[in-house]
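Understanding the architecture of this molecule
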Amino acid sequence: MTQTAIRPQLAHLTQVLDDLRAKGTHFRLRVLDDQQAPVCHYDGREVINLASNNYLGLANHPRLIEAAIAATRAFGVGSGAVRTIAGTMRIHMDLEEKIARFKNVDACVVFQSGFAANAGTVSAILGKEDFILSDELNHASIIDGARLSRATIKVFKHKDVAHCEQLLKELESAPGHKLVITDGVFSMDGDIGAVDKLAALAEKYGAIMMVDDAHASGVLGRNGRGSVDYFGMHGKVDVQVGTLSKAIGALGGYVCGSHDLIDYLYHRARPFLFSTSHPPSVAATCMAAFDILEKEPERIDRLWKNTSYFQSELKRAGFNIGGVNTPATETPITPIIVGEGRAAMELSRALFDEGVMGTGIAFPTVPEGKARIRAIVTSEHTRAQLDRALETMERVAKRMGILGQE
Ligand SMILES: *Cc1c(COP(=O)(O)O)cnc(C)c1O
């Protein structure tokens, strides 16, 4: 036992944890013993991994590992300061230029994470006289950025372009700036944002258009260029956010746009100004990842082939993978809707015991009654691995009464 006796000052936290335990949605962290791979070990158990965002298998790609090691040897393990003081290394600039070229935009700034990119950008470009029109299912980092900006937040119904237009109309005479913001791919349901229609609307009403492409980076568009490329909306989206933490395999977030947008963020985005920049190894890793996106698009083809196989087999087995009372997935993100939080967590635990890792997700991350397993296949899963996972999921779900017995 350590010396942290229970003190009444934090008793309210214990109360919350007890409530979660009573609801069956309290969790322990699963610990990965080896590499983030299609088959790996969590808590000492071998599992088929359907839980990571490592869409293209880049998190442990040999060329990325070599790039990280080489950069560490050449430039050390840390950058030593925030970007604006002394922590801008040549390799940071090289990465930003590479991403800007890849995305076909003028400029790019890299943040420590996608979360920091969203929160830091939204809060920097708007102030308290301004308005944010945000899809109800947008990511937490957008919501936090919106709150930090102190702008007025107007939430439109999920992908409801007409509702967004109604809100814009109501604000037509208001003097502030307006920002329309959507995820490119929604992280819990896997559906694609109405980027094209919202961008047209933003244009019509003179609003700023921003897209968070965390789950679209490396997945949608030519060579994984994202939702703007997928919809052919180049030049129509003012602010494009992407992540380096999911398909790119490492860590970080970025913002793409005009030179002045990026220069402004250099001066005003608080995570950029007040938090230390990436180690050189991370920048080098990400550069190697973008090379692979350009040279090996067959990885993305494999990702989509695996996705369509996995999703059609789940449907055939009778699983609810969304599309009735929840949005229908259009990407590798595969929600397996269970309903009650406790049932989803129990299914996740039972699958784990039988060698399949699929994360249970409950309220408040998804609406009450829409708890689910969120499964993501990668380009690197083999057909045999997918079949083994599918067979296990069907068997366990039948045993638990989540799927009907035939
Ligand atoms: C994961 C995610 C982020 C955050 O990205 P990180 O790089 O993990 O911080 C932002 N937006 C969306 C939609 C995400 O899914």
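Residues numbered from 1 in each chain as written. Predicted model: local features only at pLDDT ≥ 70, side-chain atom pairs only at ≥ 80, totals over all residues. Heavy atoms only, no water.

Moving on, we come to the overall build of the chain. A tally of helices and strands in the chain yields 14 helices and 13 strands. Taking 22 Å as the expected radius of gyration for a compact globule of 406 residues, we find that the chain reaches 22 Å, a close match to that expectation. Based on the C-alpha atoms only, the size of the chain along its principal axes is roughly 60 × 55 × 55 Å. The buried share among the 406 residues of the chain stands at 54%. Within the chain, residue pairs in contact and separated by at least 24 positions form 70% of the contacts whose partners lie at least 6 positions apart. Summed over its atoms, the accessible surface of the chain is roughly 18700 Å², and 53% of this surface lies on carbon and sulfur atoms. Taken as two groups, the 45 positive and 48 negative side-chain charges of the chain have centres that lie 2 Å from each other. (Helix = DSSP H or I, 4+ residues; strand = E, 2+ residues; numbered from the N terminus. Rg over C-alpha atoms; globule rule 2.2 N^0.38 Å. Buried < 20%, exposed > 50% of the residue type's maximum accessible area, 1.4 Å probe, protein only. Contact = heavy atoms within 4.5 Å. Areas by Shrake-Rupley, 256 points an atom, 1.4 Å probe, with all protein chains shown as cover. Lys, Arg positive; Asp, Glu negative; His and termini not counted. Charge placed at Lys NZ, Arg CZ, Asp CG, Glu CD.)

Here we come to the nonpolar core. By size, the foremost hydrophobic cluster in this structure holds 38 residues, and its most contacted members are Tyr55, Leu56, Leu95, Ile99, Leu244, Tyr254 and Phe290. No other element matches the 10 residues that helix α11 (residues 280-295) contributes to this core. Residues lining this core come from more than one domain, with at least three contributed by each of domain 1 (22-51 + 297-399) and domain 2 (60-295). The contact partners of Leu95, leaving out residues within four places of it in the chain, are Val110, Leu244, Ala283, Cys286, Met287 and Phe290. Ranked by size, the runner-up nonpolar core spans 24 residues in total, among them Ala117, Val122, Ala146 and Ile262. (Core = buried A, V, L, I, M, F, W, Y, C linked by side-chain atoms within 4.5 Å. Domains from an automatic or database assignment.)

This next bit is on the packing of aromatic side chains. Evaluation of the coordinates by the stated rule reveals 5 aromatic pairs. Relative to Phe272, the ring of Phe111 has its centre 6.3 Å away and its plane inclined at 70°; by these criteria the two rings are edge-to-face. With Phe111 in strand β3 (residues 107-111) and Phe272 in helix α10 (residues 270-274), this residue pair connects regions lying 161 residues apart in the sequence. On the numbers, 6.5 Å between centres and 65° between planes, the contact of Tyr254 with Phe290 is edge-to-face. Here Tyr254 is found in strand β9 (residues 253-257), whereas its partner Phe290 is found in helix α11, with 36 residues between them in sequence. Judged on exposure class, the residue Tyr254 and its partner Phe290 are both buried. Here the basic side chain of Arg30 rests over the ring of Phe352, its NZ or CZ set 3.6 Å away from the ring centre. (Phe/Tyr/Trp six-rings, centres within 6.5 Å; stacked < 30°, edge-to-face > 60°. Lys NZ or Arg CZ within 6 Å of the ring centre and 35° of its normal.)

The subject of this paragraph is the site of the ligand. As a structural note, the neighbourhood of the ligand is formed by 15 residues, with Gly114, Asp212, Thr243, Ser245 and Lys246 the closest of them. Between the ligand and Ser245 there is a distance of 2.5 Å, counted from an oxygen atom to a side-chain nitrogen or oxygen. Within the side chain of Lys246, a nitrogen or oxygen atom sits 2.6 Å from an oxygen atom of the ligand. The fraction of the free accessible surface of the ligand (380 Å²) that becomes covered by protein chains is 86%. Sorting elements by how many residues they give to the shell around the ligand places helix α4 (residues 114-125) first, with 3 residues. (Near = heavy atom within 4 Å. Polar contact = N/O pair within 3.5 Å; in protein donor to acceptor, adjacent residues only side chain to side chain.)

A separate point is the pattern of salt bridges. Going through the model one piece at a time under the given rule, you end up with 21 salt bridges. Two residues, Glu296 and Arg63, come together in a salt bridge whose shortest N-O distance is 2.9 Å. Of the two residues, Glu296 is situated in the loop between α11 and α12 (298-317) and Arg63 in helix α2 (residues 62-75); the sequence distance between them amounts to 233 residues. Looking at Glu296, the relative accessible area reads 17%, which means it is buried. Where Arg395 meets Glu391, a salt bridge forms, and the shortest distance between an N and an O atom there is 2.8 Å. Taken together, the residues Arg395 and Glu391, both in helix α14 (residues 383-399) and 4 residues apart, mark about one turn of the helix. The class for Arg395 is partly exposed, based on a relative accessible area of 37%. Taken together, the shared-partner salt bridges in this structure form one network comprising Arg63, Glu296, Arg299, Arg302 and Glu380. (Salt bridge = Lys/Arg side-chain N within 4 Å of Asp/Glu carboxyl O.)

With that out of the way, let us pick up the packing of α12 against α14. Where α12 meets α14, the closest approach of the two axes is 11 Å, and the angle between their N-to-C directions is 25°. The pairing of α12 with α14 is recorded here as roughly parallel in orientation. Of the two possible hands of crossing, α12 and α14 adopt the one that is right-handed. Contacts between α12 and α14 involve Asn306, Tyr309, Phe310, Glu313, Leu314, Arg316 and Ala317 from the first element and Arg383, Leu386, Asp387, Leu390, Met393 and Glu394 from the second. Here the residues of the contact of α12 with α14 sort into 7 nonpolar, 1 polar and 5 charged. (Axes fitted to C-alpha atoms, helices over the stretch in contact; angles between N-to-C directions. Parallel < 35°, antiparallel > 145°, perpendicular 65-115°, else oblique. Left-handed = near helix turned anticlockwise from the far one by under 90°. Nonpolar A, V, L, I, M, F, W, Y, C, P; charged D, E, K, R; others polar.)

Moving on, we come to the sheet that holds strand β12 (residues 359-361). Spatially, 3 strands are ordered β10-β13-β12 in an open sheet, and the strand pairing comes out antiparallel. Unpaired on one side and paired on the other, β10 (333-339) and β12 mark the two borders of the sheet. Across the sheet, the axes of successive neighbouring strands diverge by a mean angle of 30°, strand direction being ignored. Pairing analysis gives 3 bridges linking β12 to strand β13 (residues 371-376), with the strands arranged antiparallel. (Pairing = 2+ DSSP bridges.)

Turning to unusual backbone geometry, a few remarks are in order. Cis peptide bonds are those with omega within 30 degrees of zero, and the linkage from Phe363 to Pro364 qualifies with 10°. Following the sequence through the fold, Pro364 ends up in the loop between β12 and β13. A positive phi angle, near 50°, is found at Asp43, a position not held by glycine. Tracing the backbone shows Asp43 in the loop between β1 (39-42) and β2 (45-49). Look at Asp43 and you get partly exposed, because its relative accessible area is 33%. Phi at Arg150 is positive, roughly 65°, even though this residue is not glycine. Looking at the element boundaries, Arg150 is found in the loop between α5 (140-149) and β5 (152-156).

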